[in-house]
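In case you want the letters, here they are:
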Amino acid sequence: MKKYFKLIIAAIIALIFIGTFVFLWQKSQPKEVQYSEFTTGMDSIRKTTIITGKIEPRNEVNIKPQISGIIAELYKEPGQYVNAGDIIAKVKVIPDMAQLSGAESRVRLADINLKQVETDYSRTKNLHDQKLVSDEEYEKARQQLKQAQEENAAAVDALQVVRDGVSKSNASASSTLIRSTISGIILDIPVKVGNSVINSNTFNDGTTIAIVANMQDLIFRGNVDETEVGQLAIGVPMKITIGALQDLQFDATLEYISPKATMSNGANQFEIKAAVAVASDGKIRSGYSANAEIVLDEVNNVLCVPESAIEFSGDSTFVYLVKGEGPQKTYERQSVVTGLSDGVNIEIKQGLKKDQKVRGPQIITDDDNEE
């Protein structure tokens, strides 16, 4: 029994050895190299570039107060539409004590002067009624009375403006009422009721009460590399795709190319602006990230092949023409003149004809990957 068992073990070891030898021998045998093949044909080639940027309104205005004070009321909210002149907020004035004191003093002096002029006028009128003074003196007294009344009214108005920011005589044009200067959508109201605000002056830009923009007049703003800016021209069409609205695409027209470059990530970039044609459905919001596709160059109905079939050697380009079929197939190196490329297909200007077969890249199999 032991003898048969040893023979079986020996046979198994021999089979394993022979199988390993055969496998290694087969693996060591050279395999036929296979290539993909392409047929030349007519097509159109477009060279495009993608520019990243954002959508923003052409006209965006910061609404600022004309006086300093505290926000007393807010009448609008972000997202609402306003017309030019609509009231957005109301400011409560915190008067300057020196100005307030001066205005009150002016009112007291105007009152004293008015009472004295009224007394003089009353006396002159009685004398005029008795024919004791001339008409000229009477008219002079009446004129002085009118002036005193105007001075008193002006002093009262000045006091009300200093104290309240508005007077009864100019309530409709009050500087305490913050009005929109343009028609559009309120993008933001960065203040709340109770916040202190200051007016714009030489030393300060002033507090922004609201940001209003016309959302029907939008532009795309982005930067293009210096290697591509020379191929752009004012008026060329663009396709805008917004990251948040992938199912929508908008037409745009290039209208501005900056004459000066700016450094960005170690490269010279030129700012561009394009007018965006959008529907008035309210879907577009200010600040959306967007991509703009611009056609840099284009040729139509030209002979082309996949760029992977081209061999580049210095300044020359070659293809390998397919000759024959089956085992007798050969490849003949052919010089060609190339033109525009879109990264996938390339234009052939000379060296090939339509419907010729050319060799492509080597076909890589799973066995090749294992090696």
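Residues numbered from 1 in each chain as written. Predicted model: local features only at pLDDT ≥ 70, side-chain atom pairs only at ≥ 80, totals over all residues. Heavy atoms only, no water.

Caption draft 1: Just the overall build of the protein chain, in detail. A count of helices and strands for the protein chain gives five helices and 21 strands. Relative to its full complement of 371 residues, the protein chain shows a buried share of 30%. By sequence separation, contacts in the protein chain at least 24 residues apart represent 72% of the contacts at least 6 residues apart. Working note: accessible area of the protein chain is about 23600 Å², and carbon and sulfur atoms make up 50% of it. (Helix = DSSP H or I, 4+ residues; strand = E, 2+ residues; numbered from the N terminus. Buried < 20%, exposed > 50% of the residue type's maximum accessible area, 1.4 Å probe, protein only. Contact = heavy atoms within 4.5 Å. Areas by Shrake-Rupley, 256 points an atom, 1.4 Å probe, with all protein chains shown as cover.)

Caption draft 2: Structural view of the pairing of strand β19 (residues 330-341). Relative to β19, strand β18 (residues 316-323) is paired through seven bridges, and the arrangement is antiparallel. Counted as the bridge partner of Thr317 is Val336 from β19. A loop of three residues connects β19 with strand β20 (residues 345-350), the two strands running antiparallel in sequence, and Gly343 in this loop sits at a positive phi of about 95°. (Pairing = 2+ DSSP bridges.)

Caption draft 3: Looking closely at a nonpolar patch on the surface. The grouping of Ile8, Ile9, Ile12, Ile13 and Ile16 at the surface amounts to a nonpolar patch, some 470 Å² of accessible area in total. Tracing the sequence through the fold places Ile16 in helix α1 (residues 2-28). Relative accessible area serves as the criterion here: at 54%, Ile16 is assigned to the exposed category. (Patch = residues over 30% accessible without salt bridge, like charges linked within 9 Å, V, L, I, M, F, W, Y side chains within 5 Å. Salt bridge = Lys/Arg side-chain N within 4 Å of Asp/Glu carboxyl O.)

Caption draft 4: Spotlight on the side chain of Ser341. With respect to the helices, strands and loops of the structure, Ser341 is situated in strand β19. Polar contacts involving the side chain of Ser341 include one to the main-chain amide nitrogen of Gly343, which spans 3.1 Å. Residue contacts for Ser341: discarding those within four places in its chain leaves Ile45, Lys47, Glu307 and Ile346. (Polar contact = N/O pair within 3.5 Å; in protein donor to acceptor, adjacent residues only side chain to side chain.)

Caption draft 5: Layout of the environment of Pro190. Mapping Pro190 onto the fold places it in the loop between β8 (184-188) and β9 (196-197). Here Pro190 falls in the partly exposed class, since its relative accessible area comes to 45%. In contact with Pro190, not counting residues within four places along its chain, are Thr208, Ile209 and Ala210.

Caption draft 6: Fine view of the sheet that holds strand β7 (residues 177-179). Taking strand neighbours across the sheet as the criterion, the four strands line up as β7-β6-β4-β9 in an open arrangement whose pairing is antiparallel. Each edge of the sheet is formed by a strand with only one pairing partner; in this case those strands are β7 and β9.

Caption draft 7: Seen up close, the pattern of salt bridges. Counted according to the given criterion, the structure contains nine salt bridges. Put simply, Lys239 and Asp251 hold a salt bridge, and the shortest N to O gap is 2.5 Å. Taken together, the residues span a long stretch of sequence, with Lys239 in strand β12 (residues 237-242) and Asp251 in strand β13 (residues 245-257) at a distance of twelve residues. In this structure, Arg333 and Glu311 form a salt bridge, with 2.5 Å as the shortest nitrogen-oxygen distance. Of this pair, Arg333 sits in strand β19 while Glu311 sits in strand β17 (residues 311-313), and the two are 22 residues apart along the sequence.

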